[in-house]
Amino acid sequence: DDDNEDCNGHGTHVAGTVGGRVYGVAKNVNLVAVKVLSCGGSGSWAQIIEGLDWIKGQAANQIATANLSLGGGGNDSIDIAVRELQQSGVTVVVAAGNEDTDACTTSPAREETVLTVGSTKIDDERSSFSNYGNCVDIFAPGSSIKAAWIGDSNNEYDTISGTSMASPH
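Rules of the game
- The numbering scheme is per chain: residues are counted from 1 as the chain's sequence reads.
- Restriction of local features to residues with pLDDT of at least 70 applies here, the model being predicted, together with a cutoff of 80 or more for giving and counting side-chain atom pairs; totals for whole chains, interfaces and linings are based on all residues.
- The basis for every side-chain value is the complete set of non-hydrogen atoms in the structure, without hydrogens or water.
- Two strands pair if DSSP finds at least two bridges between them.
- Strands are runs of DSSP state E lasting at least two residues, helices are runs of H or I lasting at least four, and both sets are numbered from the N terminus onward.
- Lines fitted to C-alpha atoms define the axes here, with helix axes fitted over just the stretch in contact, and angles between the N-to-C directions of these axes take values from 0 to 180 degrees.
- Contact between two residues is taken to exist if any of their heavy atoms lie within 4.5 Å; hydrogens are not considered.
- Any angle that falls under 35 degrees is termed roughly parallel, while one over 145 is termed roughly antiparallel, one within 65 to 115 roughly perpendicular, and all others oblique.
- Amino acids are sorted into nonpolar (Ala, Val, Leu, Ile, Met, Phe, Trp, Tyr, Cys and Pro), charged (Asp, Glu, Lys and Arg) and polar (every other residue, Gly among them).
- Our working definition of a disulfide is a cysteine sulfur pair at a distance within 2.5 Å.
- Burial classes follow relative accessibility: with a 1.4 Å probe on protein chains only, a residue under 20% of its type's maximum area counts as buried, one over 50% as exposed, and anything between as partly exposed.

**Details of the sheet that holds strand β3 (residues 91–95)**
Read across the open sheet, the 4 strands follow the order β1-β3-β5-β6; overall the sheet is parallel. What marks the edges here is a single partner per strand, and that holds for β1 (65–68) and β6 (138–141). The sheet shows a mean angle of 35 degrees between the axes of neighbouring strands, taken without regard to direction. Of the pairings in the sheet, the one linking β3 to strand β5 (residues 115–120) comprises 3 bridges and is parallel in character. When the bridges of β5 are listed, Val 94 appears paired with Thr 116. Across the sheet, helix α3 (residues 76–87) is in contact with β1 and β3; its angle to β3 comes to roughly 145 degrees.

**Describing the packing of helix α2 (residues 45–58) against α3**
Taken N-terminus to C-terminus, the directions of α2 and α3 make an angle of 10 degrees; their axes are 10 Å apart at the nearest point. Here α3 runs roughly parallel to α2, going by the angle between their axes. Taken together, the residues of α3 that come into contact with α2 (itself represented by Trp 45, Ile 48, Ile 49, Leu 52, Ile 55 and Lys 56) are Ser 77, Ile 78, Ala 81, Val 82, Glu 84 and Leu 85. For the contact of α2 with α3, a count of residues per class yields 9 nonpolar, 1 polar and 2 charged.

**Observations concerning the state of the cysteines**
Using the criterion set out here, one finds 2 disulfides in the structure. Between the sulfur of Cys 7 and that of Cys 39 lies a disulfide, 1.6 Å long from S to S. Across the disulfide from Cys 7 to Cys 39, rotation about the S-S bond amounts to roughly -95 degrees, and the bridge is consequently left-handed. Residue Cys 7 is found in the segment before α1 (10–19), and its partner Cys 39 is found in the loop between α1 and α2; the two are separated by 32 residues along the sequence. The class for Cys 7 is partly exposed, based on a relative accessible area of 32%. Paired through a disulfide, Cys 104 and Cys 135 show a sulfur-sulfur distance of 2.0 Å. For the disulfide bridge between Cys 104 and Cys 135, the dihedral angle about the S-S bond is near 110 degrees, and by the sign convention the bridge is right-handed. Of this pair, Cys 104 sits in the loop between β3 and β4 (106–107) while Cys 135 sits in the loop between β5 and β6, and the two are 31 residues apart along the sequence.

**What about the pairing of β3?**
Burial of β3 is extensive: 4 of the 5 residues sit out of reach of the surface. Of the strand pairs in this sheet, β1 and β3 are connected by 4 bridges, and their pairing is parallel. In the sheet register, Thr 65 faces β3, and the bridge partner there is Thr 91.

Following this line, the structure appears as C-alpha cells:
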C-alpha cells in the first residue's frame, strides 16, 4: 500500500526488539524501516525483492544488517535476491518460519548464505511453532517477547511470539 506508517504492529515490534529504547538489544543502533508488506501483513515476492534492491543501493560501502522477519513457500527469486544482498556486503538475517516444519522448504530461510534464526522459549527449548532443520543456523528467544507496538503514544508495548521476534536478537 502507499501508507508508509506501520499499521500492523509487526514491523514496529521487530524494530523495537532490535533497537527500542526500553526493550531493544542494541539501543544505540540506527534503524531504517523498509516497508514491503501491506497493513494486513501480506505482499508479493516482487515487492520484497524491490525492497531488498533498495537496501542494496542505500547500504553500498556501509556496515549494514538487514533483518527479514518474513517468509513463505520456497521461491528461487527471493532466494537469489537475499543471496545477492548478502554478497553485496549486507549481513542478512531471516526468520526461520512458524510452521513447525523443515526450514529448508521455505524462503528465504532455505538460502544457505544468510543467517536463518529459529525461536526458543525462556527455557532454551525450541518453540513449538519454530521451523527447524539444517537450514537453521541459530536459535534465539522468540516466545513471549515484549517490545514496542503501534498505538496512540510512544509508550505502547506488546508481547508476541514468532521467529520474527527471534531474528532481531
